[in-house]
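One-letter residues, chain by chain:
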Amino acid sequence: MSQTQVPVIVIGTGLAGYNLVKEFRKQDAETPVLMITADDGCNYSKPMLSTGFTKGKSASELAMADAGKMAEQLNVTIRTNTRVTSIDPETHTIFIGEESIAYDKLVLAWGAEPVAVRIEGDAGEHIFAINDLQDYANFRAELDDKKRVLVMGAGLIGCEYANDLSNGGYEVDVVAPCNQIIPNLLPEPAASAVQHGLEGLGVKFHLGPLVRRVTQTEQGLIADLSNGEQVETDIIISAIGLRPRLDLAVKAGLQVNQGICVDRSLQTSDADIYALGDCAEVDGKVLLYVMPLMASARALAKTLAGQPTDVSYGAMPIMIKTPVVPVVVSPPATEGLWDIERSGVNVKALCRDDAGALLGYALTGTCVADKLALNKELPAILK
Ligand SMILES: Cc1cc2nc3c(=O)[nH]c(=O)nc-3n(C[C@H](O)[C@H](O)[C@H](O)COP(=O)(O)OP(=O)(O)OC[C@H]3O[C@@H](n4cnc5c(N)ncnc54)[C@H](O)[C@@H]3O)c2cc1C
């Protein structure tokens, strides 16, 4: 690898950063690549964080390879525990505090951050927003001698943690200000089937109120909810949502909306800066999932290797990891009519347009078996 050539710099060693570089190395074995990450650079699959107890894995067992091994495998340089603090597109430079490094092309794969929440009281250190392996390791260390967990948020991530912690033998309370679980993805009958399954495991749902205040007592923590209810617990997970990281992109003058705006070639408003993964808004779509970032990594690898390639997304159904009631959902991109069959926790909900074409679905329990046949009928997300 030439040491004098200005490198391609990739910020982030999550699934987006590592998969991009893996794909790039299939196209180009030589061009120097520098990866920079604020964490320790371990290669791990973030979706597995909400399966630790079910799969019997500790935080360290979820790590597949450390940064040293990844650097060797990919023939790249990786700087770990290093936070990029600004970008100057004019001079093709990134900054790490006072230090500056020049790039030829820059790729932003710096992910999304947990939505911050202000909770009153004196128990802030017991509230964990788990967004990477290190956060998970810290949470597991604190969880060790505890029995009860309160999960704030009843979205996909909150419900997955609720199921997993229940499988681990913990008493789980879920508090969320919505009137059904997983509100952004599931139609109500599918949501209530999953809720019913989780309740069967002993999970207690408090839907409607917010956690206002958390205080420490001799016996653990007391959470005061906005409806006056009190929940006793030992530790809290905050899973109230993720938002693409935008700050540095805004300061660099890049166009942003909900995410960093990129076109189908994953190019930002600056010709030599690209973005993919949770931080990117691709042709108007922010999708915080693995399948879109894998498709983006394959396309961008080719573009960086000199073969301009647009990304396309096929249908991308999402498996929700609540093993007590399996769920797969492909949320419709446009409004349609839902046709819903339900028998106990088994729900088959199909959304169709006026002409009868399938727009999306939600399947729970045994109905999940229908997904392969239905996937063939689903429209592509980005043709
Ligand atoms: C519990 C959980 C379960 C999930 N389950 C599923 C699932 O079942 N299916 C699915 O499709 N998706 C799932 N997801 C979503 C999926 O994990 C994400 O879409 C994906 O991991 C995002 O990868 P990323 O590389 O874009 O971001 P990240 O993994 O967040 O990586 C961001 C990287 O950027 C670095 N970084 C950030 N800022 C800086 C900076 N200033 N300087 C240097 N480095 C920086 C970070 O250190 C990190 O290396 C789940 C997510 C969670 C949290």
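Residues numbered from 1 in each chain as written. Predicted model: local features only at pLDDT ≥ 70, side-chain atom pairs only at ≥ 80, totals over all residues. Heavy atoms only, no water.

S.K.: What is the right way to look at the sheet that holds strand β25 (residues 327-330) in this model?
M.R.: Strand pairing within a sheet occurs via backbone hydrogen bonds; the two strands may be parallel or antiparallel. Strands sit in the order β24-β25-β28-β27-β26 across an open sheet of 5 strands; the sheet is antiparallel. Of all strands in the sheet, those bounded by a partner on one side alone are β24 (318-320) and β26 (337-343). Sheet twist, expressed as the mean angle between neighbouring strand axes with direction ignored, is 15°. With 7 bridges joining them, β26 and strand β27 (residues 346-352) adopt antiparallel strand pairing. Across the sheet, the residue bridging to R342 is V347, located in β27. (Pairing = 2+ DSSP bridges. Helix = DSSP H or I, 4+ residues; strand = E, 2+ residues; numbered from the N terminus. Axes fitted to C-alpha atoms, helices over the stretch in contact; angles between N-to-C directions.)

S.K.: How should helix α4 (residues 156-167) be read in this particular structure?
M.R.: Since the α-helix turns once every 3.6 residues, residues separated by three or four places project in the same direction. Taking 1.5 Å per residue, 12 residues should reach 16 Å; α4 reaches 17 Å between its end C-alpha atoms and fits that length. Most of α4 is tucked away: 10 of the 12 residues are buried. Of all the positions in α4, only L156, G158, C159, E160, Y161, A162, N163, D164, L165 and S166 are classed as buried. Buried residues along α4 sit in contact with α3 (133-143), β13 (148-152), β14 (171-176), α5 (188-200), β19 (235-238) and β24. Just beyond α4, the residue with positive phi is G169, at close to 95°. (Expected span 1.5 Å × (residues − 1). Buried < 20%, exposed > 50% of the residue type's maximum accessible area, 1.4 Å probe, protein only. Contact = heavy atoms within 4.5 Å.)

S.K.: Please clarify how unusual backbone geometry should be interpreted in this entry.
M.R.: Note: most peptide bonds trans; most residues except glycine with negative phi. With a phi close to 45°, N81 is a non-glycine residue in the positive phi region. Summarising the element assignment, N81 is placed in the loop between β5 (77-79) and β6 (86-88). On the basis of relative accessible area, N81 is assigned to the exposed category, the value being 57%.

S.K.: What is the right way to look at the site of the ligand in this model?
M.R.: The local shell around the ligand holds 32 residues, among which A16, T37, D278, V290 and K321 are the closest. With respect to the ligand, the backbone of A16 contributes an N or O atom lying 2.9 Å from an oxygen atom. Contact distances for the ligand include 3.3 Å between an oxygen atom and a side-chain N or O atom of D39. When the ligand is considered free in solution it has 1,000 Å² of accessible area, and contact with the protein chains removes 93% of it. Secondary-structure elements contributing two or more residues to the shell around the ligand are α1 (15-27), α4 and α7 (290-304). At 3 residues, the largest contribution of residues to the shell around the ligand is made by α4. Broken down by class, the residue content of the shell around the ligand amounts to 17 nonpolar, 8 polar and 7 charged. (Near = heavy atom within 4 Å. Polar contact = N/O pair within 3.5 Å; in protein donor to acceptor, adjacent residues only side chain to side chain. Areas by Shrake-Rupley, 256 points an atom, 1.4 Å probe, with all protein chains shown as cover. Nonpolar A, V, L, I, M, F, W, Y, C, P; charged D, E, K, R; others polar.)

S.K.: Can you help me understand α1 in this one?
M.R.: Under the 1.5 Å per step criterion, the end-to-end length of α1 is 18 Å for 13 residues, consistent within 8% with the ideal 18 Å. In terms of burial, α1 is largely enclosed, as 10 of its 13 residues are buried. The complete set of buried residues in α1 reads L15, A16, G17, Y18, N19, L20, V21, E23, F24 and R25.

S.K.: I would appreciate a short explanation of the domain arrangement of the protein in the present structure.
M.R.: How big an interface is tends to be expressed through the accessible area that disappears when the partners come together. Segmenting the protein into domains produces domain 1 (8-112 + 242-305), domain 2 (116-238) and domain 3 (326-377). Domain 2 and domain 3 are separated by 28 Å when their C-alpha centres are compared. Across the contact, 9 residues belong to domain 2 and 12 residues belong to domain 3. When domain 2 packs against domain 3, the two sides together hide about 790 Å² of surface, and 84% of this comes from carbon and sulfur. Summed over the shared surface of domain 2 and domain 3, the number is 0 salt bridges. Inspection of the region where domain 2 meets domain 3 yields 1 residue pair in polar contact (both at pLDDT 80 or more). Residue composition of the side of domain 2 that touches domain 3, grouped by class: 7 nonpolar, 2 polar and no charged. (Domains from an automatic or database assignment. Buried area = accessible area lost by both parts, 1.4 Å probe. Salt bridge = Lys/Arg side-chain N within 4 Å of Asp/Glu carboxyl O.)

S.K.: Would you mind showing me how to read the packing of aromatic side chains here?
M.R.: Aromatic rings in a pair are described by how distant their centres are and how their planes are angled relative to each other. Considering all chains together, one arrives at 3 aromatic pairs under this definition. Ring geometry for F128 versus F139: centroids 5.7 Å apart, planes at 65°, classification edge-to-face. Here F128, found in strand β12 (residues 127-128), pairs with F139, found in helix α3; they are 11 residues apart in sequence, far enough to count as distant. Judged by its relative accessible area of 1%, F139 falls in the buried class. Look at Y136 and F139: their rings are 6.4 Å apart centre to centre, the planes differ by 35°, and that puts the pair in the tilted class. In this pair, Y136 and F139 are both assigned in helix α3, 3 residues apart and thus about one turn of the helix distant. Across the pair, exposure class does not vary: Y136 and F139 are buried alike. Aromatic rings pair up to connect F128, Y136 and F139 into one cluster. Above the plane of the ring of F53 lies R140, whose end atom (NZ or CZ) is 4.0 Å from the centre. (Phe/Tyr/Trp six-rings, centres within 6.5 Å; stacked < 30°, edge-to-face > 60°. Lys NZ or Arg CZ within 6 Å of the ring centre and 35° of its normal.)

S.K.: Would you mind going over the pattern of salt bridges with me for this structure?
M.R.: Two side chains that carry opposite charge are able to pair once their charged atoms sit near each other. If you walk through the whole model with that rule in mind, you get 13 salt bridges. When the shortest N-O distance is used, the salt bridge between K26 and E23 registers 3.2 Å. One end of the pair is K26 and the other is E23, both in helix α1 and 3 residues apart, which spans about a single turn. Exposure remark for K26: the relative accessible area of 62% places this residue in the exposed category.

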